[in-house]
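# Chain and residue survey
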Amino acid sequence: MEPFTRSATPDQRTPASRPSRRRLLAAALVLPLALGAAACGGDDSGGSGSDDKVELSIFWWGADKRAELTEQALDLYTQKHPNVTFKKTWQANQGYYDKLATLTAGGNAPDIFQIDDNAISEYATRGVTLDLTPYTSDGKLDVSKFPKSLKEYGQVDGKLVGVAMGENTQGLVYDKTLVDKFKLPAPTTGMSWDDFIKWAASVSKASKVPGTQDPSGIYQALWVYLRQNGKDLYKGNQIAFDEADITKWFQMWKDARAAGATPTPDVIHEGNDSSVSKQLVVTGKAGTSWVWTNQMPELKKNTKNDLGLVAYPGDPSAQWARASLYFSVFRGSPHKDAAVDVVNFLANDPEAGKILGTDRGLPPNLDVRKQIESTVTDPNMKQTIEVQNELGAKFGPTTPSVPPKGHSKVKTELIRIAEEVTYGRQTPEAGAAAFVTAAKAAIGQS
Amino acid sequence: MTMAQMPVRPTEPVPPVPAAQRRGRAARRRRREDLAGYVFLSPWLLGLLGITAIPMLISLYLSFTDYSPLIPVTEAQWVGLDNYRRMFTADPSYWHAVRVTVTFALVAVPLKLAAALGVAMLLNRAMRGIAVFRGLFYLPSLLGGSVALAIVWRSMFNREGAFNQFLSIFGVEGQAWVNDPTWALPTLMLLAIWQFGAPMVIFLAGLKQVPAELYEAASVDGAGAWRKFSHITLPLLSPVIFFNLVLETIHGFQGFTSAFVLSNGSGGPVDSTLMYTLHLYNAGFVELNMGYASAMAWVFLLVVGAITVVLFNTGRFWVHYSDAEER
């Protein structure tokens, strides 16, 4: 190695550097322009003929496992349709909707995106999602094997805007190892709220671990409670409860706290603030957490203890088969037909169903579901399926419709106000009044 | 030195050039240089226009509309002053966020400046290894607004966090600092105060400018440490203090990252850390009311601008520019 060879002829550098400086100037001027132009050149007007090369962008949230399974299923689709490839993007739940909104604002919404009932009304009423109804009538999208409730739960203003990718329902997860250790009875489906709170207090007393997370800020628990009392969370674009209902709800949990059934306010806040994998039943800070049935395997992955799964307290017929989440197609996608076909494949294809399992909930297609039930090996998935089927037999005839626009704000307001009550900064009555006002404002009800 | 006085090489006489031609050439060269200047500026200029100025103007327009990021800008409906009206009359969280932000700025900014000045004075001594100490004290600011730092803070000030374990050595049972509505904001302030490195370095530079003779003269006259500080250090440092005050005040009002991370984006518990910018972000990106968020951003800009103007005006009474008097 001879490091100084180049500097041995310094006189040659001077003439060479003159034009390069000019070129540098040109580059400095042109480069930002070129970059800008390249950013604008992203739209392709490719048709949807079956031989054209098509790249579809697809975006979802979830954990590693979901990414692995979804990628496998999409690879299978590419195998069967070599002209279709995917640009896959996924991330954790937190921040997902911020990103989706930003992409949409830039006109770069993914062709296919995962969405749930927190946001689907917002996106559908703003015309972001493609109306899939015509595709169901000409057979390009088959929802005929779906349970009726799942099909309906994907409709906003009478249009099918999301294809359910899974079915779940409210699930109360308890720490079985803890309960067995202290020889306590397990909670059961159908036990009354009072009995459940008494049970939780007995767990706290015996084990020094608070028996249950306080669900006063958890909207799906309130929702079940309201339905058991002949009310509902929403009716169309209106709230379907009043201050008295919420006062009773907050008071019930205030009493439970006094009885020692629930944790201290800061731990309750921590539970409300945490993702699935950090729920209190997993971190050992409470004996019970309030989740959705399909989240069982994810919870189990994060604890060594055995977990049990039952319905929320009270009459289980108030629960319903909920579309845990959907895939929707972007209305501005240049490849709508191809995107719809992929969604159809993910929902109905037996092989794809086998790959996807119950990660997003029970498969929406009942034939696929039956096939999965007979072949599933994962014990936590098995437990989820068993409980969900057991509950499914008890569901009442009415299913709530998809929550209206503003629902996610209602959820955060409930957490905030319920915590005001748990921290003792508001009485249940004042909290109830505040929540009714906030909920009405959030969904634009005058 | 004029041209006539310059030594001219005798062997190569410069050919005479007509004056007009010379002027034309100079002007051309100046134009070329101007152009080159603009070309070199262009990446920044395009950035300023494309990333700052034009979007700002668009946001001003959007603040009078019901724009949501889910619809094209062209479809946004003009709503006049509705967003501003809602902000001031119909959004209780808005005033709550204003209170939180003002409290944060009023407490954190003076304490941060005091800490920065105090440490800068300690580090202004001639001592072996002083550079290492300066580096160490500056370190938290290098980590600055980073998300990682806020995450560390979050776990340190948890109920089971390192801080409470430290307290338990002394038999003190700590709070769940970040999860307690009373303590969450002070914890956030502490994080801001701890990052005093940037103003500290500026103070340090200012302290080095204070002439040592003044202190010597004061000592001869029998002034104690406090008199020297209040009659020499503070007045001579006042331009630097003013600079830091303006900068840190603006910074304090803008606090976002640490509040966002510490509260998981919610501003909780029970909105105790709902900084203005966090409320703005949630309005725009979570509730998708971008028109409303734009209106909040403009009010914010105007208010912070007004505060800066007020600071500049009060500066006349207490900022002491020594060179101005000498002139």
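Residues numbered from 1 in each chain as written. Chains lettered and ligands numbered in written order. Predicted model: local features only at pLDDT ≥ 70, side-chain atom pairs only at ≥ 80, totals over all residues.

## What to know about the overall build of chain B
Along chain B, the regular secondary structure elements total 14 helices and 0 strands. Taken against the 2.2 N^0.38 rule, which gives 20 Å for 327 residues, the C-alpha radius of gyration of chain B at 28 Å runs more than 25% over that of a compact globule. By principal-axis analysis of the C-alpha atoms, chain B measures approximately 90 × 70 × 35 Å. Burial status across chain B gives 29% buried among its 327 residues. Sequence separation of 24 or more characterises 69% of the internal contacts of chain B that already satisfy a separation of 6 or more. (Helix = DSSP H or I, 4+ residues; strand = E, 2+ residues; numbered from the N terminus. Rg over C-alpha atoms; globule rule 2.2 N^0.38 Å. Buried ≥ 20, exposed ≤ 12 C-beta atoms within 10 Å, placed from the backbone. Contact = placed C-beta atoms within 7 Å.)

## Comments concerning the overall build of chain A
Within chain A, the secondary structure is distributed over 19 helices and 14 strands. Counting over 446 residues, chain A shows a buried share of 47%. Counting contacts in chain A only where the partners sit at least 6 residues apart, residues at least 24 apart contribute 75% of the total.

## Remarks on the domain arrangement of chain A
All names here are of chain A. Along its sequence, chain A is organised into domain 1 (15–166 + 324–385) and domain 2 (170–319 + 406–443). Just the C-alpha atoms count here: the centres of domain 1 and domain 2 sit 33 Å apart. In this assembly, 16 residues from domain 1 lie in contact with 12 residues from domain 2. Here the side of domain 1 that touches domain 2 gets 4 residues from one element, more than from any other, and that element is helix α17 (residues 379–392). Residue composition of the side of domain 1 that touches domain 2, grouped by class: 3 nonpolar, 11 polar and 2 charged. (Domains from an automatic or database assignment. Nonpolar A, V, L, I, M, F, W, Y, C, P; charged D, E, K, R; others polar.)

## Quick notes on the packing of helix α3 (residues 92–122) of chain B against helix α10 (residues 225–254) of chain B
Describing two packed helices takes the angle between their axes plus the distance from one axis to the other. Residues and elements named next belong to chain B. At a closest axis distance of 9 Å, the pairing of α3 and α10 adopts a crossing angle of 145°. Every pair of crossing elements has a handedness; the one defined by α3 and α10 is right-handed. Facing Thr101, Phe104, Ala105, Ala108, Val109, Lys112 and Leu113 of α3, the residues of α10 in contact are Asn244, Leu245, Glu248, Thr249, Gly252 and Phe253. (Axes fitted to C-alpha atoms, helices over the stretch in contact; angles between N-to-C directions. Left-handed = near helix turned anticlockwise from the far one by under 90°.)

## Notes on the sheet that holds strand β14 (residues 326–329) of chain A
Consider a sheet: its strands pair through backbone hydrogen bonds, and that pairing is either parallel or antiparallel. All names here are of chain A. On the basis of which strands lie adjacent, the open sheet formed by 5 strands has the order β2-β1-β3-β14-β6 and mixed pairing. Two strands in the sheet have a free side with no partner beyond their single neighbour: β2 (84–91) and β6 (163–164). Where strand β3 (residues 112–115) and β14 come together, 4 bridges link them in antiparallel fashion. In the strand pairing of β14, phenylalanine 113 is matched with serine 328. Sheet strands in contact with helix α2 (residues 64–80) are β1 (54–61) and β2, and its direction is about 170° off that of β2. (Pairing = 2+ DSSP bridges.)

## Some remarks on the confidence of the model for chain A
Low pLDDT means the predicted coordinates in that region are not meant to be read closely. Residues and elements named next belong to chain A. Averaged over chain A, the pLDDT score is 87; the fraction of residues at 70 or greater is 89%. Ignoring residues within four places in sequence, the model shows residues 1–19, a span with pLDDT below 50, making 0 contacts including any to other chains. Below a pLDDT of 50 lies the segment residues 29–49, which in the model reaches 15 contacts outside its immediate sequence neighbourhood of four places, other chains included. (pLDDT = per-residue confidence, 0-100.)

## Brief notes about the sheet that holds strand β8 (residues 170–175) of chain A
Residues and elements named next belong to chain A. The sheet built from 3 strands is open, its strands ordered β11-β8-β12 with antiparallel pairing. A strand with exactly one partner marks an edge of an open sheet, and here the two such strands are β11 (288–292) and β12 (307–310). This sheet shows a mean twist of 30° between the axes of neighbouring strands, independent of strand direction. Bridge count between β8 and β12: 4 bridges; the pairing is antiparallel. In the strand pairing of β12, leucine 172 is matched with valine 310.

## A few points about unusual backbone geometry
Residue and element names in this part refer to chain B. One non-glycine residue, valine 270, lies in the positive phi region at around 35°. Topologically, valine 270 is positioned in the loop between α11 (257–262) and α12 (276–286). Note on valine 270: 25 C-beta atoms within 10 Å, which makes it buried. With phi around 65°, aspartate 271 is a residue other than glycine that occupies positive phi space. Along the polypeptide, aspartate 271 turns up in the loop between α11 and α12. According to the C-beta neighbour criterion, aspartate 271 is buried, with 22 such atoms within 10 Å.

## Overview of helix α8 (residues 193–207) of chain A
Since there are 3.6 residues in each turn of an α-helix, residues three or four apart along the chain are aligned in direction. Residues and elements named next belong to chain A. Here α8 is 15 residues long and its end C-alpha atoms lie 21 Å apart, about the 21 Å a rise of 1.5 Å per residue gives. Looking at α8, one finds that the buried residues are Phe196, Ile197, Trp199, Ala200, Val203 and Ser204. Down the axis of α8, the buried set is contained in an arc of 160°. They therefore lie on one face. Among the structural elements, α7 (176–181), α10 (243–258) and β11 are those in contact with the buried residues of α8. Where α8 terminates, the next one or two residues include lysine 208, which has phi positive at roughly 65°. (Expected span 1.5 Å × (residues − 1). Arc of directions from axis to C-beta.)

## Topic: the nonpolar core
By size, the foremost hydrophobic cluster in this structure holds 111 residues, and its most contacted members are Ile112, Ile120, Leu132, Val163, Tyr326 and Val343 of chain A together with Leu188 of chain B. Ranked by residues supplied to this core, first place goes to α3 of chain B with 12 residues. Setting aside its immediate chain neighbours within four residues, isoleucine 120 of chain A contacts Ile115, Val156, Val161, Gly162, Tyr326 and Val402 of chain A. Core analysis: the next-biggest nonpolar cluster, separate from the first, contains 56 residues, Leu178, Val203, Val224 and Val282 of chain A among them. (Core = buried A, V, L, I, M, F, W, Y, C linked by C-beta atoms within 7 Å.)

## Quick word on the pairing of β8 of chain A
All names here are of chain A. Counting buried positions along β8 gives 6 out of 6 residues, so the element sits mostly inside the fold. Residues Gln170, Leu172 and Tyr174 point to one face of β8 and Gly171, Val173 and Asp175 to the other, with burial holding for every one of them. As defined by bridge partners, β8 adjoins β11 across 5 bridges and the pair is classed as antiparallel. Bridging across to β11, valine 173 finds its partner in serine 289.

## Things to note about the environment of tyrosine 135 of chain A
Residue and element names in this part refer to chain A. Checked against the element boundaries, tyrosine 135 lands in helix α5 (residues 133–137). Residue classification places tyrosine 135 among the buried positions, given that 22 C-beta atoms sit within 10 Å. Remark: the alpha-carbon pair of tyrosine 135 and aspartate 245, spanning 110 residues in sequence, is separated by 42 Å. Those residues in contact with tyrosine 135 that sit more than four places away from it in its chain are Lys140, Leu141 and Val340.

## Quick look at helix α13 (residues 290–318) of chain B
In a regular helix each residue adds 1.5 Å, so 29 residues correspond to 42 Å; α13 of chain B covers 42 Å between its end C-alpha atoms and thus fits that length. Met290, Gly291, Tyr292, Ala293, Ser294, Ala295, Met296 and Ala297 of chain B are the residues of α13 of chain B that are buried.

## Regarding the confidence of the model for chain B
Overall, the predicted model of chain B reaches an average pLDDT of 87, with 91% of residues at or above 70. Two summary scores accompany this predicted model of the complex, namely pTM at 0.82 and ipTM at 0.79.

## A closer look at the environment of asparagine 282 of chain B
Within the secondary structure layout, asparagine 282 of chain B lies in helix α12. C-alpha of asparagine 282 of chain B to C-alpha of isoleucine 151 of chain B: the two residues are 131 residues apart in sequence and 20 Å apart in space.

## So, the environment of tryptophan 177 of chain B
Mapped onto the secondary structure, tryptophan 177 of chain B falls in the loop between α6 (162–169) and α7 (184–194). Along the primary structure tryptophan 177 of chain B and arginine 159 of chain B are separated by 18 residues, whereas in three dimensions their C-alpha atoms are 6.9 Å apart.

## So, the packing of α12 of chain B against α13 of chain B
All names here are of chain B. One way to put it is that α12 packs onto α13 with a least axis distance of 7 Å and a crossing angle of 155°. By the criterion of interaxial angle, the relationship of α12 to α13 is roughly antiparallel. Crossing hand, α12 versus α13: left-handed. Residue-level inspection shows Tyr276, Leu280, Ala283 and Gly284 of α12 in contact with α13, the latter providing Met290, Tyr292, Ala293, Met296, Ala297 and Phe300. (Parallel < 35°, antiparallel > 145°, perpendicular 65-115°, else oblique.)

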